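# Summary of the model geometry
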Amino acid sequence: MGSAYIAAAALAAGVTLTAFGAQAAGDLNLICSADVVICEQMKGDFEKANDIKVNMVRLSSGETYAKIRAEARNPKTDIWWAGTGDPHLQAASEGLTLEYKSPLLDQLQDWAKNQAESAGYKTVGVYAGALGWGYNTEIFASKGFKEPKCWADLLDPAFKGEIQIANPNSSGTAYTALASLVQIMGEDQAFDYLKKLNANISQYTKSGSAPVKAAARGETAIGIVFMHDAVAQTAEGFPVKSVAPCEGTGYEIGSMSIVKGAKNLDNAKIWYDWALKPEVQSRMKDAKSFQLPSNKSAEIPEEAPKFEDIKLIDYDFKTYGDPAKRKELLERWDREVGASAN
């Protein structure tokens, strides 16, 4: 039975279909760019609350942007939840996502509303998290390493082959790191830094959270990640300590966007409004997801790295989410860093 038939029957019976109702039926094609554990939890919770089957794919934000762009003429995705905001902003500026103002918009933190406003309401902030790293305290103790408190400390020759970070082409986390360093140091100095850092990198991973998971397992000493991903490993019982760099650091606004041409648009809006509810965002900590939620009434996890404890830069989302700037930085990274990667 199709969703159009059910909607018509419901209207005939005098049932009002609202963005919050569970009366809608059918499918929802979702790409989730967060950690797979929270993706699965969100999918399960939504299906319990709504008569909608979620077909979920987990992809990093860089991969998702590329997929949505490639499928622009015949979209296979309805909604994109989570992942760093820069690729969401890029998709918005290229007209790949749809303007939508949720009735819950006024309940959100200013940084989430600003994200929506700057994109012409084609995306919205769902969580935030600062960039830093996590290191394995047991490896540090056994090898006599000194705690790296600043970006500069990661260049210590003692860390040769001991650091992992993701590739900024596939990972929003690593692109945020690249854009943050450019804003902290200036572009030429940032690339000089990244070329020196390359000597200490053992692997450029595809996923943004993979480096600290490797550190947790003892496969590398340090993972450069969003700090909440490092905290999640500590919460799982691994010997991981998280660090906010002394010179300052960037941050992400994890975002959500409805894909232009979505085949299940009504269901995409139902997910969108549902995902902004305080009780839904308060559940993220149950999946060991320790970001700062965007709804002001959502419960902030005790373990979440708080912005007031971190030296944050005034991250320029508009400039670094711009397609031309992003392309230029990634091409330079490929030429000067990626080409000589270990």
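About the criteria used
Per-chain numbering applies: the sequence of each chain, read as written, is numbered from 1 onward. Residue-level local features of this predicted model are given only where pLDDT is at least 70; pairs of side-chain atoms are given and counted only at 80 or more, and the full residue set underlies all totals for whole chains, interfaces and linings. To get the side-chain values, all heavy atoms of the structure are used, and hydrogens and water are removed first. The aromatic pairing rule takes the rings of Phe, Tyr and Trp, using the six-membered ring of Trp, and pairs them if the centres are within 6.5 Å, calling planes under 30 degrees apart stacked, those over 60 edge-to-face and the rest tilted. Where helices and strands are cited, they refer to DSSP runs of H or I of at least four residues and of E of at least two residues respectively, numbered from the N terminus. To sort residues, take the accessible area from a 1.4 Å probe on protein chains only and compare it with the maximum for the residue type: under 20% means buried, over 50% means exposed, and anything in between is partly exposed. Charges are assigned to positions over rings by a cutoff of 6 Å between ring centre and Lys NZ or Arg CZ, combined with an angular limit of 35 degrees from the ring normal. Working definition of a nonpolar core: buried Ala, Val, Leu, Ile, Met, Phe, Trp, Tyr and Cys residues. They are joined through side-chain atoms within 4.5 Å. Here a residue-residue contact requires only that any non-hydrogen atoms of the pair lie within 4.5 Å.

## A word on the packing of aromatic side chains
Inspection of the entire model under this criterion finds 16 aromatic pairs. Aromatic pair Phe-140 and Phe-159: ring centres 5.7 Å apart, planes at 40 degrees, arrangement tilted. Taken as a pair, Phe-140 in helix α6 (residues 137–143) and Phe-159 in the loop between α6 and β5 (163–166) lie far apart in primary sequence, 19 residues in all. Accessibility expressed as a relative area gives 5% for Phe-140, which makes it buried. Across the ring face of Tyr-121, the terminal group of Lys-101 is positioned such that the distance to the ring centre comes to 4.5 Å. Between Arg-326 and the ring centre of Tyr-175, over which it is positioned, the NZ or CZ distance is 4.4 Å.

## Overview of the nonpolar core
Trp-81, Met-256 and Trp-271 are the most contacted members of the largest nonpolar core, which has 89 residues in total. Counting residues per element, this core draws most heavily on strand β4 (residues 124–136), at eight residues. Sequence-distant contacts of Met-256, that is, excluding residues within four places in its chain, are made with Ile-79, Trp-80, Trp-81, His-88, Thr-123, Val-124, Val-126, Trp-271, Tyr-272, Ala-275 and Leu-276.

## Things to note about the side chain of Glu-71
Position of Glu-71 relative to the elements: it lies in the loop between α3 (61–70) and β3 (79–81). Residue classification places Glu-71 among the buried positions, given a relative accessible area of 17%. Setting aside residues up to four positions removed in sequence, Glu-71 forms contacts with Lys-76 and Thr-77.

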